[in-house]
Amino acid sequence: MERNNGGGSFIAGFAGKNTMKGENKMIKIYTDGSCQPNPGIGGWAYIIVSNGEEVGRASGQSIANTTNNRMELLAVIKALETLPSGDYEVVSDSKYIIQTLNQGWKINANPDLWIELDRLSRGKNILWTHIRGHGDDKWNALVDLLARAEVVRAATREFIPLYREVLEKLGD
């Protein structure tokens, strides 16, 4: 399940405005993934910020037995799927992603997602920035909350029917 808050395509507002002349003008994409437990039920989210203002966000979930790293990658992939060619800064608290891209860490897992990330990055000039997780950056804190909320939403959707079934059996 995927949520895109903001209605319609928010990409149209970016056209012609993707400039790297100064930090405030760059479009930033904050991404996060979450998994409880790890491996377990996962959630991902991204927030797109232009000139210091939120211009788009989306989040989604996986009930399958997934991992935190897969959700981190999926958050970036989902964001890049929505963006035209241009200049962007992807901000993530995932060392797995940022150091793989910036420092050439070897890809040992999730080759399917790394291939998709590579494909979606073509034609885009992306600055990959690591941010300390659970710090004082408001966008990082919000995207973390959105990803964790998707885990709760998925767990609730999966476990409430089981809970009802148990209650029904106990009532017999």
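This is a predicted model, so every value here is computed, not measured.

Visitor: Any chance you could explain the overall build of the protein chain here in plain terms?
Guide: Scanning the protein chain from N- to C-terminus turns up four helices and six strands. If you list the helices and strands of the protein chain from N to C, you get β-β-β-β-α-β-α-α-β-α. The buried share among the 172 residues of the protein chain stands at 45%. When contacts within the protein chain are restricted to residue pairs at least 6 apart in sequence, long-range pairs at least 24 apart make up 71% of them. When the accessible surface of the protein chain is split by element, carbon and sulfur atoms take 53% of a total near 9300 Å².

Visitor: Any chance you could explain the pairing of strand S2 (residues 27–36) here in plain terms?
Guide: For a regular strand, side-chain orientation follows a simple rule: the groups alternate between the two sheet faces. Burial within S2 is extensive, with nine of its 10 residues counted as buried. Two strands pair when backbone bridges link them, and S2 and strand S3 (residues 40–50) are joined in this way by nine bridges, in the antiparallel orientation. Directly across from serine 34, in S3, lies its bridge partner glycine 43. Where S2 folds back onto S3 in an antiparallel hairpin, the turn is made up of three residues.

Visitor: Looking at this structure, how should I read the packing of aromatic side chains?
Guide: What describes a pair of aromatic rings is the distance from one ring centre to the other and the angle between the planes of the rings. For the coordinates displayed, the defined rule picks out two aromatic pairs. Judged by centre distance (6.2 Å) and plane angle (10 degrees), the ring pair of tryptophan 44 and tyrosine 46 falls under stacked. Judged by centre distance (5.5 Å) and plane angle (65 degrees), the ring pair of tyrosine 96 and tryptophan 114 falls under edge-to-face. Of the two residues, tyrosine 96 sits in helix H2 (residues 95–103) while tryptophan 114 sits in helix H3 (residues 111–121), which places them 18 residues apart along the sequence.

Visitor: What am I meant to see in the layout of surface pockets here?
Guide: Empty space among the atoms becomes apparent when a probe as large as a water molecule is rolled across them. As a volume, the largest pocket reaches approximately 170 Å³. If you go around the largest pocket, you meet 14 residues; those closest to its centre are Asp32, Gly33, Asn68, Glu72 and Asp93. Those elements that provide at least two residues to the lining of the largest pocket are S2, helix H1 (68–81), H2 and helix H4 (138–171). A class-by-class count of the residues in the lining of the largest pocket yields one nonpolar, seven polar and six charged.

Visitor: What am I meant to see in the pattern of salt bridges here?
Guide: If charged atoms from side chains of opposite charge come close, those side chains can pair. Following the criterion strictly, the structure yields eight salt bridges and no others. A salt bridge links aspartate 118 to arginine 122, with the nearest nitrogen and oxygen atoms 2.7 Å apart. The class for aspartate 118 is partly exposed, based on a relative accessible area of 41%. For arginine 122, a relative accessible area of 56% gives the class exposed.

Visitor: Can you walk me through the side chain of threonine 66 in this structure?
Guide: Of note, threonine 66 is situated in strand S4 (residues 53–66). On the basis of relative accessibility, which here comes to 5%, the residue threonine 66 falls in the buried class.

Visitor: Looking at this structure, how should I read the nonpolar core?
Guide: Burial of nonpolar side chains together is a common tendency in soluble globular proteins. Of all hydrophobic cores here, the largest spans 25 residues; its most connected members are Ile29, Leu80, Leu117 and Trp128. For this core, the element with the most residues is H1, which contributes seven residues. Among residues more than four places away in sequence, those in contact with tryptophan 128 are Val76, Leu80, Val90, Ile98, Leu101, Asn102, Leu117 and Ser121. Of all hydrophobic cores here, the second largest spans 10 residues; its members include Ala45, Ile47, Val91 and Ile131.

Visitor: What am I meant to see in unusual backbone geometry here?
Guide: For residues other than glycine, phi is negative in most cases, and the peptide bonds are mostly trans. Cis geometry is found at the peptide bond from glutamine 36 to proline 37, where omega equals -15 degrees. Structurally, proline 37 can be placed in the loop between S2 and S3. Cis geometry is adopted by the peptide bond preceding proline 39, which originates at asparagine 38 and carries an omega value of 0 degrees. One can find proline 39 in the loop between S2 and S3.

Rules of the game
Residues numbered from 1 in each chain as written. Predicted model: local features only at pLDDT ≥ 70, side-chain atom pairs only at ≥ 80, totals over all residues. Heavy atoms only, no water. Helix = DSSP H or I, 4+ residues; strand = E, 2+ residues; numbered from the N terminus. Buried < 20%, exposed > 50% of the residue type's maximum accessible area, 1.4 Å probe, protein only. Contact = heavy atoms within 4.5 Å. Areas by Shrake-Rupley, 256 points an atom, 1.4 Å probe, with all protein chains shown as cover. Pairing = 2+ DSSP bridges. Phe/Tyr/Trp six-rings, centres within 6.5 Å; stacked < 30°, edge-to-face > 60°. 1 Å grid on protein atoms, 1.4 Å probe; cavity = no way out; pocket = protein on both sides within 12 Å on 5 of 7 lines; lining within 4 Å. Points joined across faces, edges and corners; volume = space filled by probe spheres on them. Nonpolar A, V, L, I, M, F, W, Y, C, P; charged D, E, K, R; others polar. Salt bridge = Lys/Arg side-chain N within 4 Å of Asp/Glu carboxyl O. Core = buried A, V, L, I, M, F, W, Y, C linked by side-chain atoms within 4.5 Å.

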